Amino acid sequence: MAIEKVMVIGAGQMGAGIAQVCAQSGFKVLLNDVNKEALDKGMKNIEKLLARAVEKERISESDKTDAINRLTPSTEIKDAGSCDLVIEAIVENMDVKTKVFSDLDAFAPKHAILASNTSSLPITEIAAATKRPEQVIGMHFMNPVPVMKLVEIIRGIQTSDETYQIIEEMAKKLSKAPVEVNDAPGFAANRILMPMINEAIFAVHEGVSSVEDVDTVMKLGMNHPMGPLTLADFIGLDTCLYIMEVLYEGFADSKYRPCPLLRKYVKAGWLGKKSGRGFYQYS
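As annotated in an unreviewed UniProt entry, the protein carries the name 3-hydroxybutyryl-CoA dehydrogenase and is attributed to Virgibacillus siamensis. As stated in UniProt under Sequence similarities (unreviewed entry), the record for the protein gives "Belongs to the 3-hydroxyacyl-CoA dehydrogenase family." Recorded in UniProt for the protein, the comment headed Pathway (unreviewed entry) runs: "Lipid metabolism; butanoate metabolism."

Caption draft 1: Expanded view of the pattern of salt bridges. Applying the stated criterion across every chain, the model contains 10 salt bridges. Between K36 and D40 there is a salt bridge, with its nearest N and O atoms 3.0 Å apart. Here K36 and its partner D40 are both found in helix 2 (residues 36-55), 4 residues apart, which amounts to about one turn of the helix. Residue classification places D40 among the partly exposed positions, given a relative accessible area of 33%. Salt bridges linked by common partners bring E88, E92 and K97 together as one network.

Caption draft 2: Representation of the sheet that holds strand 6 (residues 136-141) within the structure. Spatial ordering of the open sheet is given by 3-2-1-4-5-6-7-8, a layout of 8 strands whose pairing is mixed. The sheet is open, and its two edges are formed by strand 3 (71-74) and strand 8 (177-182), each paired on a single side. Averaged over neighbouring strand pairs, the angle between their axes works out to 25° when direction is ignored. With 5 bridges joining them, strand 6 and strand 7 (residues 150-155) adopt antiparallel strand pairing. In the strand pairing of strand 7, I137 is matched with R155. With respect to the sheet, helix 1 (residues 13-24) is in contact with strand 1 (5-9), strand 2 (28-32), strand 3, strand 4 (85-88) and strand 6, its orientation differing from that of strand 2 by roughly 170°. On the sheet, helix 6 (residues 161-173) packs against strand 1, strand 4, strand 5 (113-116), strand 6, strand 7 and strand 8 and is oriented at approximately 175° with respect to strand 7.

Caption draft 3: View of the pairing of strand 6. Within strand 6, 6 of the 6 residues are buried, which leaves it mostly tucked inside the rest of the structure. Residues of strand 6 alternate between two faces, with V136, G138 and H140 on one and I137, M139 and F141 on the opposite face, all of them buried. As judged from the 3 bridges shared by strand 5 and strand 6, these two strands associate in the parallel manner. Counterpart to A115 in the pairing with strand 6 is I137.

Caption draft 4: Looking closely at the pairing of strand 8. Note: strand 7 against strand 8, 6 bridges, orientation parallel. Following the sheet pairing, L150 is matched in strand 8 by A177. For the handedness criterion, the β-α-β arrangement of strand 7, helix 6 and strand 8 is classed as right-handed.

Caption draft 5: Main features of the packing of helix 1 against helix 2. Running from amino to carboxyl end, helix 1 crosses helix 2 at an angle of 55°, the nearest separation of the two axes being 10 Å. Accordingly, the angle class assigned to the pair helix 1 and helix 2 is oblique. The crossing of helix 1 and helix 2 is right-handed. Each of A16, A19, Q20 and Q24 in helix 1 lies in contact with helix 2, whose residues at this interface are G42, I46, L49 and L50. Residues belonging to the contact of helix 1 with helix 2 are distributed by class as follows: 5 nonpolar, 3 polar and no charged.

Conventions and cut-offs
- Per chain, residue numbering runs from 1 following the sequence as it is written.
- Only residues with pLDDT of at least 70 are given local features in this predicted model, and only at 80 or more are side-chain atom pairs given and counted; all residues enter the totals for whole chains, interfaces and linings.
- With hydrogens and water excluded, all non-hydrogen atoms of the structure serve as input to the side-chain values.
- UniProt positions are given in the numbering used here, feature names are shortened, and annotations may be inferred rather than shown by experiment.
- One speaks of a salt bridge when a side-chain nitrogen belonging to Lys or Arg is within 4 Å of a carboxyl oxygen belonging to Asp or Glu.
- Runs of E in the DSSP output that reach at least two residues are strands. Runs of H or I that reach at least four are helices, and both are numbered from the N terminus.
- The buried label applies to any residue whose accessible area, calculated with a 1.4 Å probe on protein chains only, is under 20% of its type's maximum; exposed applies above 50%, and partly exposed to all values in between.
- A strand pair is defined by DSSP finding two or more bridges across the two strands.
- Throughout, an axis means a line fitted to C-alpha atoms (over the contacting stretch in the case of helices), and angles, computed between N-to-C directions, take values from 0 to 180 degrees.
- Note on definitions: a residue-residue contact is assigned when non-hydrogen atoms from the two residues lie within 4.5 Å.
- Handedness rule for crossovers: strands pointing away from the viewer, path from the first strand over the helix to the second running clockwise, crossover right-handed.
- An angle counts as roughly parallel when it lies under 35 degrees, as roughly antiparallel when it exceeds 145, as roughly perpendicular when it falls between 65 and 115, and as oblique in every other case.
- In this scheme the handedness of a crossing depends on how the near helix is turned from the far one: anticlockwise by less than a right angle means left-handed, clockwise means right-handed.
- Each residue is assigned to one class: nonpolar for Ala, Val, Leu, Ile, Met, Phe, Trp, Tyr, Cys and Pro, charged for Asp, Glu, Lys and Arg, and polar for all the others, Gly among them.

Below you can see the structure in the form of C-alpha cells.
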C-alpha cells in the first residue's frame with residue numbers, strides 16, 4: 001500500500017511537528033484538532049518554523065510554499081475517511097486514546113493504518129479498541145520533531161509485518177531513522193532516559209549535589225548535550241512523572257519509583273519551561 005495522504009490528530013507541539021515533516025516530505029496532510037484555537041496556533045507555528053528554515057537557508061521559499069499548500073486544517077475526525085495513515089498525537093491518557101482509535105476505526109478506510117505517537121502507553125491495548133489491530137502501530141517521534149532523527153516504531157502483539165514494513169518505509173521518507181521496538185512499558189527510549197532523569201532528581205532531593213552541578217556532571221563528564229534536569233524541564237515534569245508512573249506500574253519494580261521531589265514540583269505546578277518554572281526559572 002502506498003501512503004499518499006496523512007491525518008495527524010492533535011495540533012500541539014508534537015502533532016504540528018509531525019504534520020510539518022510529513023508535508024515537507026511530499027505527503028498531503030490534514031492537521032486535526034477539535035480545539036479550533038489550538039489548530040490555528042499549530043498551523044501558525046508550522047508557518048513560523050518553515051519561514052525560519054528559509055531564513056537559515058535550510059529550505060527554499062518554494063519548498064516552504066509547497067509544504068504549506070500540502071497542509072489542510074481539520075476539526076472533524078470523520079475527515080480520516082480520505083486518509084491512508086492517521087497519526088495520533090494527543091494527551092497521554094489511555095481512555096482518551098482508545099476513544100479516538102475507536103472513532104478512527106469507524107471513519108478511516110479499511111486499508112488505512114492507525115498509528116500512535118504515545119511515549120509510553122501500550123500499543124497492544126490501544127489496538128484492541130479497534131477492529132483492525134493488525135493495522136495499529138506506534139510511531140514515537142522525538143521532540144522537536146523537525147530536528148530529531150529518531151522514530152521508535154512499536155509493534156503491538158497484533159501488529160502485522162506488512163504494517164511494520166509500510167511504516168518503516170514511511171519513516172525513511174520523512175528522513176528519520178526508524179528503530180524497531182516491541183511493546184513494553186516506556187518502550188526503549190523512555191525506559192532508559194526517564195530512570196536517568198529520575199535518578200538525577202534523587203541526587204538533588206538527597207542533597208548529593210545542586211541542580212546546576214548535576215547537569216554539569218552529565219554535560220562535561222558524560223558529553224551529554226543537555227543536562228538531565230534541563231532536559232526534564234524541556235520535556236515537562238508532569239510528563240516525566242507520568243512516564244515514571246507507567247514504568248513503576250508496568251514493572252512493579254522499586255527502581256522505577258518516582259522521586260518525591262518530582263511529585264512535589266508537579267503538585268506545585270512547577271512543570272518546567274512550559275509553566276515558567278521547574279528545576280530552573282524561565283522568563
